[in-house]
Amino acid sequence: MSRRNSVLFGLLAAMLASANDARATMVSLNGSTIASDNFEGDTVGAPPVADVGVWSNVNFVNRTIGEVTNAALPGASSGSQYFSLFKDGSSVYQGIFAEMSLASSDLIHFESMVYIPLNTAAENFPWQIGIASVASPGSRLINIWRNASGLWEAQGMGAFAGPASLLFDTWQKWELDFVVGASAATLTINGVSASVPATNTTLNTNPAYRLGVWTNGPADNQIYLDNITPVVEVPAVPEPSTAALLLTFAAAFVFGRRR
Ligand SMILES: [Ca+2]
Ligand SMILES: [Ca+2]
């Protein structure tokens with residue numbers, strides 16, 4: 001390869017690397033984090049104000065959003081405030097959701113510090129995590145919980161083996177990763193992953209969905225969250241057309257020089 005072509009390939013490599021960097025940066029800078037929160041600075045005893053995006057629970061699970069707390073117990077995951085989701089003795093559930101418009105193959109990522117009290121361990125679905133249609137809240141791509149026997153269950157899919165790393169009365173990092181259309185998601189607790197059956201592999205006609213956590217089951221279920229960041233990440237797809245175009249251009253140049 002001539003020195004000139006060598007330089008050209010160097011430039012091409014730099015351009016491709018730059019294209020990759022641009023995609024990675026766009027994921028974090030171009031609005032693809034739908035919502036995040038660490039609950040610091042939010043009003044104690046009131047619903048949180050998302051640090052990025054907006055928290056929603058409209059028309060879903062009856063339906064307050066939960067409260068920011070600085071209670072000494074269970075204490076903070078980080079900072080001095082965290083988030084409490086409660087279900088009282090009536091029908092008041094609490095949930096926290098981020099809404100987004102989904103397309104097939106979108107990659108959804110949720111992560112949060114989660115504190116599950118031991119007194120929920122033998123209750124039916126004291127909490128649920130799901131991705132539900134906004135127009136039809138009963139229609140869900142993902143919907144999981146634990147039952148009173150301690151088995152993990154997915155809506156319409158029966159029991160599955162959840163992460164063996166689940167502990168009670170302690171903060172743990174939970175992550176949910178799902179490719180829209182896939183038959184399973186991945187739930188990771190403190191770095192230990194398990195496959196989670198998807199309830200639906202096709203999207204509704206209306207692409208508006210909400211991802212969130214909510215309380216359910218018997219009275220007095222309460223769980224805590226902190227450092228939800230990011231809730232939803234929809235990475236840009238690779239741009240093969242751009243890369244292919246650059247390669248074609250470079251190849252034409254090189255072959256042109258050789259003739
Ligand atoms: Ca906040
Ligand atoms: Ca906090």
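Reading the values: the criteria
Residues numbered from 1 in each chain as written. Chains lettered and ligands numbered in written order. Predicted model: local features only at pLDDT ≥ 70, side-chain atom pairs only at ≥ 80, totals over all residues. Helix = DSSP H or I, 4+ residues; strand = E, 2+ residues; numbered from the N terminus. Buried ≥ 20, exposed ≤ 12 C-beta atoms within 10 Å, placed from the backbone. Contact = placed C-beta atoms within 7 Å. Pairing = 2+ DSSP bridges. Axes fitted to C-alpha atoms, helices over the stretch in contact; angles between N-to-C directions. pLDDT = per-residue confidence, 0-100.

(A) Expanded view of the overall build of the protein chain. Tallying secondary structure elements over the protein chain gives two helices and 14 strands in all. Expressed as a percentage of the 259 residues in the protein chain, the buried residues total 34%. Residue pairs in contact within the protein chain that sit at least 24 positions apart in sequence constitute 71% of those at least 6 positions apart.

(B) Looking closely at the pairing of strand S4 (residues 93–101). Burial analysis of S4 places eight of its nine residues in the buried class, the great majority of the element. In this structure, S4 lies alongside strand S13 (residues 208–215), joined through seven bridges in antiparallel fashion. By the bridge assignment, Ser101 is partnered in S13 with Ala208.

(C) Region of interest: the sheet that holds strand S14 (residues 221–226). Within the open sheet, the seven strands sit side by side as S2-S3-S14-S5-S10-S11-S12. Their pairing is antiparallel. Bordering the open sheet on either side are strand S2 (67–69) and strand S12 (192–197), each of which pairs with just one other strand. Within this sheet the neighbouring strands show an average axis-to-axis angle of 35°, counted without direction. Pairing between strand S5 (residues 107–115) and strand S10 (residues 171–179): nine bridges, direction antiparallel. For His109, the partnering residue across the bridge sits in S10 and is Asp177.

(D) Main features of the environment of Leu203. Along the chain, the position of Leu203 falls in the loop between S12 and S13. Accessibility expressed as a C-beta count within 10 Å gives 19 for Leu203, which makes it partly exposed. Sequence separation between Leu203 and Ser133 is 70 residues, and the spatial gap between their C-alpha atoms is 8.5 Å.

(E) Main features of unusual backbone geometry. Backbone torsion omega between Leu73 and Pro74 reads 5°, so that peptide bond is classified as cis. With phi around 70°, Phe39 is a residue other than glycine that occupies positive phi space. Structurally, Phe39 is set in the loop between helix H1 (3–29) and strand S1 (63–64). With 28 C-beta atoms packed within 10 Å, Phe39 lands in the buried category. Located in the positive-phi region is Asp169, a residue other than glycine, with phi close to 60°. Residue position: Asp169 is located in the loop between strand S9 (158–160) and S10.

(F) How the structure looks around the pairing of strand S11 (residues 184–189). With four bridges connecting them, S10 and S11 associate as antiparallel partners. Note on S11: the bridge partner recorded for Asp177 is Thr186. Remark: four residues form the turn of the hairpin made by S10 and S11, two consecutive strands paired antiparallel; Gly181 in that turn has positive phi of roughly 105°. For S11 and S12, the ladder comprises six bridges, and the chain directions are antiparallel. By the bridge assignment for S12, Ala185 is matched with Val196. Linking two consecutive strands that pair antiparallel, namely S11 and S12, is a turn of two residues; a positive phi of about 50° is found at Asn190 within it.

(G) Quick peek at the confidence of the model for the protein chain. Looking at the protein chain as a whole, the pLDDT averages 81, with 73% of positions reaching at least 70. Contacts of residues 8–31 to residues separated by more than four positions or lying in other chains number 17 contacts, the stretch itself having pLDDT below 50.

(H) Layout of the environment of Trp127. Tracing the backbone through its elements, the reader meets Trp127 in strand S6 (residues 127–133). Look at Trp127 and you get buried, because 24 C-beta atoms sit within 10 Å. Put simply, Trp127 and Gly217 are 90 residues apart on the chain and 7.4 Å apart in space, counted from C-alpha to C-alpha.

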